[in-house]
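# Report on the structure
Spelled out, the chains give:
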Amino acid sequence: MRKSELALGALLIALVCTASFFILQSTRRDQAIAANAEIYRQLDLFGEVLERVRAEYVEKPDDTKLIENAINGMLQGLDPHSSYLTAKEFQDMQVQTRGEFGGLGIEVTMEDGVVKVISPIDNTPADRAGVMSGDYITHLDGESIQGLSLNEAVEKMRGPVDSPIMLTIMRKGANAPIQTRVVRDIVRINPVKYSAEDDIGWIKVKTFQSEHTYEYMKQGIEDLKKTIGPKLKGYVLDLRNNPGGLLDQAIAVSDAFLDKGAIVLTKGRNASESSRASAKSGDVTEGKPVVVLINGGSASASEIVAGALQDHKRAEVIGTRSFGKGSVQTMIPLGANGGLRLTTARYYTPSGRSIQATGISPNYQVEPELPDDLKQQMASFTPKGEASLRGHLKNEGAQEASGSISYVPKEKEKDVQLKAAIDLLHGKKIEVAKKVENAAAPAAAAAAEVPN
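Quantities reported herein were computed from a predicted structural model and do not represent experimental measurements. (Residues numbered from 1 in each chain as written. Predicted model: local features only at pLDDT ≥ 70, side-chain atom pairs only at ≥ 80, totals over all residues. Heavy atoms only, no water.)

Looking now at the environment of valine 108. Positionally, valine 108 belongs in strand E3 (residues 106-111). Valine 108 gets classed as buried once you look at its relative accessible area, which sits at 17%. A C-alpha to C-alpha distance of 9.5 Å links valine 108 and glycine 134, two positions 26 residues apart in sequence. Discounting chain neighbours no more than four positions away, the residues touching valine 108 are Val115, Lys116, Val117, Ile118, Leu150 and Val154. (Helix = DSSP H or I, 4+ residues; strand = E, 2+ residues; numbered from the N terminus. Buried < 20%, exposed > 50% of the residue type's maximum accessible area, 1.4 Å probe, protein only. Contact = heavy atoms within 4.5 Å.)

Quick look at the structure:
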C-alpha cells in the first residue's frame with residue numbers, strides 16, 4: 001500500500017510539473033503574441049500618419065525622404081551613435097574604410113564659396129600637376145564651384161582612375177587664373193604622421209577609420225628606428241583629437257605594444273556579441289617606453305588603445321580626460337537600400353573599466369596652453385563629451401563626466417602636452433602636470449561576465 005501511495009504521489013508531482021511547464025510555455029507564447037499584436041498596432045498607426053502626411057501636408061513631400069527620416073528617427077532615438085545610411089552614404093563609408101579612392105589627392109576646405117587647398121598629398125596627381133597649398137579652385141571642368149557645398153565639390157573631383165579634370169586656380173601673386181589639367185589616380189590616405197624629436201619618436205594616429213592604420217603605424221615605427229638609431233629613448237603615441245574608427249585596428253595598434261594579456265572586452269545583449277581580444281607575442285618597439293597623449297577629442301577606438309596600454313602599465317597617459325564613447329557600432333548592410341550603423345555592445349578595458357560617459361583619465365593631467373583669444377572664448381564654454389549627448393547610454397554605478405578641451409597648437413614648440421611627454425620619457429619631472437590618482441582603477445564589474 002505504501003508503494004502505491006508513493007507511486008501515486010510521484011505521478012501527481014510529475015503531472016503538476018508538466019502542467020506548470022505548459023502553463024509557463026503558454027504564458028510566454030501569449031506574451032509574445034500580445035507583444036507582436038502591439039507592434040502591428042503601432043505599425044498601423046505609422047501607416048495612418050504616413051498617409052495623412054502624403055495627402056495633406058502643405059507641399060508634396062518626397063516619399064523616400066519620409067521613410068528615411070522615419071528610420072533615422074527610430075535609430076537616433078536609441079542612442080546618438082546609431083543611424084541609417086543611404087546607399088550613397090554606405091558606399092562613401094566603405095571608401096573611407098578602405099582608405100583609397102580615385103581622385104586628385106588634395107586636402108581642402110571651403111572658403112568664401114570656393115575650394116581652398118590646405119595641402120596636396122605627396123606623390124598624388126594634384127602634387128605632380130603643381131597644385132600648391134593656399135591655391136583657390138574656382139571652376140571644375142569650366143563650371144563654377146559657387147553654390148556647391150564642400151562635399152559636392154569633393155564628389156566632383158573624385159572619379160574613375162585615368163579620367164582627366166580641368167581645374168581653374170586662383171593663386172596669390174598670379175596675374176590671371178591658372179588652368180591645370182589633372183588626371184585622376186588611386187589616392188591612398190595615410191592616417192599616420194610621425195617624426196623624430198631628437199631621440200624620441202613621435203607618432204600621430206589621426207584616425208582608426210582606415211583598415212590600413214596599423215600597417216602605416218608599424219611602418220612609421222620602423223622608419224623612426226632607422227632615423228634615430230641606437231639613441232632612441234622611446235615613443236609618444238599621439239591620439240589627441242582622434243575620433244576613433246575600426247575596432248580591429250584599435251586592437252592591432254594596441255597589440256603592437258603588448259606581448260600578452262587582454263586588450264578589450266566587448267559585452268552585448270546576446271552571447272554572440274560578447275568577446276575578448278588578447279595580445280599576441282611580439283612588441284614592435286622592443287620594449288621601449290611609451291607615452292600616450294589624449295584629450296577631449298580622443299574617442300572610441302583611441303580610448304580602447306589608451307585604456308589597454310594604461311591598464312597593462314605599458315604606457316603613461318598624459319593630457320586631459322577623453323570623450324567617453326564606450327560603445328561598439330556594427331555596420332549592417334541592407335543591400336541596395338544602404339545600411340545600418342547599430343550599437344550592439346559596450347566595451348571594457350582589460351581591468352574591467354567601462355569608460356562609457358566617463359572617459360579615460362590620464363595618469364598626468366596637463367592642460368593645453370591656450371592663445372589669448374581662445375582663452376576668452378573658453379571662459380564661457382564647457383567642453384562636451386559623451387555624457388553631455390542626449391540619449392547616451394548610461395554607465396550605471398559610475399560618476400558620469402567626460403570630455404575636456406581638445407585644443408592642440410599647430411606649432412610643436414607651443415605644445416606643452418607633447419613637451420611633457422618628452423620630458424617624462426627623459427626621466428624629468430613634469431612641472432605643469434597634475435598627477436591623477438587611481439586613473440586606471442576599475443569602474444565596472446560587468447566585464448567579468450564576458451567569456452574568455
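What follows covers helix H7 (residues 247-257). Residues of H7 that are buried include every one of Gln249, Ala250, Val253, Ser254, Asp255, Ala256 and Phe257, and no others. Contacts from the buried residues of H7 go to helix H6 (213-228), strand E12 (234-238), strand E13 (262-268), strand E15 (290-294) and helix H8 (301-311).

Moving on to the pairing of strand E5 (residues 136-140). Bridge count between strand E4 (residues 114-120) and E5: two bridges; the pairing is antiparallel. Across the sheet, residue valine 115 finds its bridge partner in E5, namely isoleucine 137. Examined bridge by bridge, E5 and strand E7 (residues 164-170) share four bridges and lie antiparallel to one another. When the sheet's bridge partners are listed, tyrosine 136 is paired in E7 with methionine 170. By the bridge criterion, two bridges tie E5 to strand E6 (residues 143-144) in an arrangement that is antiparallel. The residue of E6 that forms the bridge with histidine 139 is serine 144. Hairpin geometry of E5 and E6 is characterised by an intervening segment of two residues between the two adjacent antiparallel strands and by a positive phi of about 50 degrees at aspartate 141. (Pairing = 2+ DSSP bridges.)

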